[in-house]
Amino acid sequence: MPFDSPLTETAIPEEFGRIVDIAPIREGNQAIWLMVAESGDLFRMNASSGHWARVVSAPFIWEPDHEPWNGHALKHRLHVSHHGEFAAMVNDYGRYGQVIDLRSGAVTMTLDGGDYHPETVPFSFAFVELKGRVVAIHRTSWNRLDISDPSNGELLTSRGPTSYQHGEQR
């Protein structure tokens, strides 16, 4: 199905610095974007009007011992909840990330995807609405996704270990 909408170009202000990722925010028919700069500054921009604001600064979690695998260099990735309440800054092909409450500027969760070959895959993360509530689905181990409350980091899928050794009960 073809788009029935004109393409509009909007210049990114020089004040933003180098943008490393961008994510849409749903707000009516407005073209609202959240952008993260190399510095960790998050900017909210209305591409239709050109109005923008620096929302918060949350430097990326660096992984100095990261070794690229098969050409997969560490890449900073931005995720935003549908209505722009929360943002996640994660390291694709890395282990760590964080969730920020964009209303308060507070880091509400520190993410750890585990140490079993995180350099081989993008960091699994998504914001979804579940029964009228925003939740974060995120990798907590190489073979495990959990659901947490992004406002306070509370784990909503508490469960025991999923591995077993020879002779242990499954």
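A few points on the structure. Treat the numbers as computed from the prediction; the structure is a model and nothing was measured.

## Some thoughts on the pattern of salt bridges
This structure, assessed with the given rule, holds nine salt bridges. A salt bridge links R95 to D112; the shortest N-O distance between them is 2.6 Å. Of the two residues, R95 is situated in the loop between β6 (86-92) and β7 (96-101) and D112 in strand β8 (residues 107-112); the sequence distance between them amounts to 17 residues. Given a relative accessible area of 32%, D112 falls into the partly exposed group.

## Some words on the pairing of β7
Across the six residues of β7, five count as buried, placing the element largely inside the fold. Where β6 lies against β7, five bridges are found, and the strand directions are antiparallel. Within β7, the position partnered with M89 by the bridge is Q98. Counted between consecutive antiparallel strands, the loop separating β6 from β7 contains three residues, among which Y93 sits at a positive phi close to 65 degrees. Sheet topology note: the β7/β8 ladder contains five bridges and is antiparallel. The partner of V99 across the bridge, within β8, is M109.

## Focus: the nonpolar core
With 16 residues, the main nonpolar core has L34, V36, L42, L78, M89, I100 and L102 as its most contacted residues. Within the residue set of this core, elements represented by two or more residues are β1 (19-25), β2 (32-37), β5 (75-80) and β6. In this structure V36 touches R18, I19, V20, D21, D41, L42, F60, L78 and M89, once residues within four positions along its chain are discounted. Counting residues in hydrophobic clusters, the runner-up holds 11 residues, among them F86, V90, L111 and F123.

## Comments concerning the pairing of β2
Most of β2 sits inside the fold, with five of its six residues counted as buried. Direction of pairing for β1 relative to β2: antiparallel, over a ladder of six bridges. If you follow I19 over to β2, its bridge partner there is A37. Remark: six residues form the turn of the hairpin made by β1 and β2, two consecutive strands paired antiparallel; G28 in that turn has positive phi of roughly 60 degrees. Connecting the antiparallel pair β2 and strand β3 (residues 41-46) is a turn made up of three residues, with G40 showing a positive phi of about 95 degrees.

## Some thoughts on the sheet that holds strand β9 (residues 125-130)
In any sheet, the strands associate via hydrogen bonds between backbone groups, in a parallel or an antiparallel arrangement. Spatial strand order, β9-β10-β11: three strands in an open sheet with antiparallel pairing. Two strands close off the open sheet at either side, each with one partner strand: β9 and β11 (144-148). On average, each strand axis in the sheet is tilted by 30 degrees relative to the strand beside it, whichever way the strands run. Here six bridges tie β9 to strand β10 (residues 133-141), and the two strands are oriented antiparallel to one another. Residue pairing across strands places E129 opposite V134, the latter belonging to β10.

## Description of the sheet that holds β6
In space, the four strands of this open sheet follow the order β5-β6-β7-β8, with antiparallel pairing throughout. Unpaired on one side and paired on the other, β5 and β8 mark the two borders of the sheet. Sheet twist, expressed as the average angle between the axes of neighbouring strands with direction ignored, equals 15 degrees.

What counts as what
- Residues numbered from 1 in each chain as written.
- Predicted model: local features only at pLDDT ≥ 70, side-chain atom pairs only at ≥ 80, totals over all residues.
- Heavy atoms only, no water.
- Salt bridge = Lys/Arg side-chain N within 4 Å of Asp/Glu carboxyl O.
- Helix = DSSP H or I, 4+ residues; strand = E, 2+ residues; numbered from the N terminus.
- Buried < 20%, exposed > 50% of the residue type's maximum accessible area, 1.4 Å probe, protein only.
- Pairing = 2+ DSSP bridges.
- Core = buried A, V, L, I, M, F, W, Y, C linked by side-chain atoms within 4.5 Å.
- Contact = heavy atoms within 4.5 Å.
- Axes fitted to C-alpha atoms, helices over the stretch in contact; angles between N-to-C directions.

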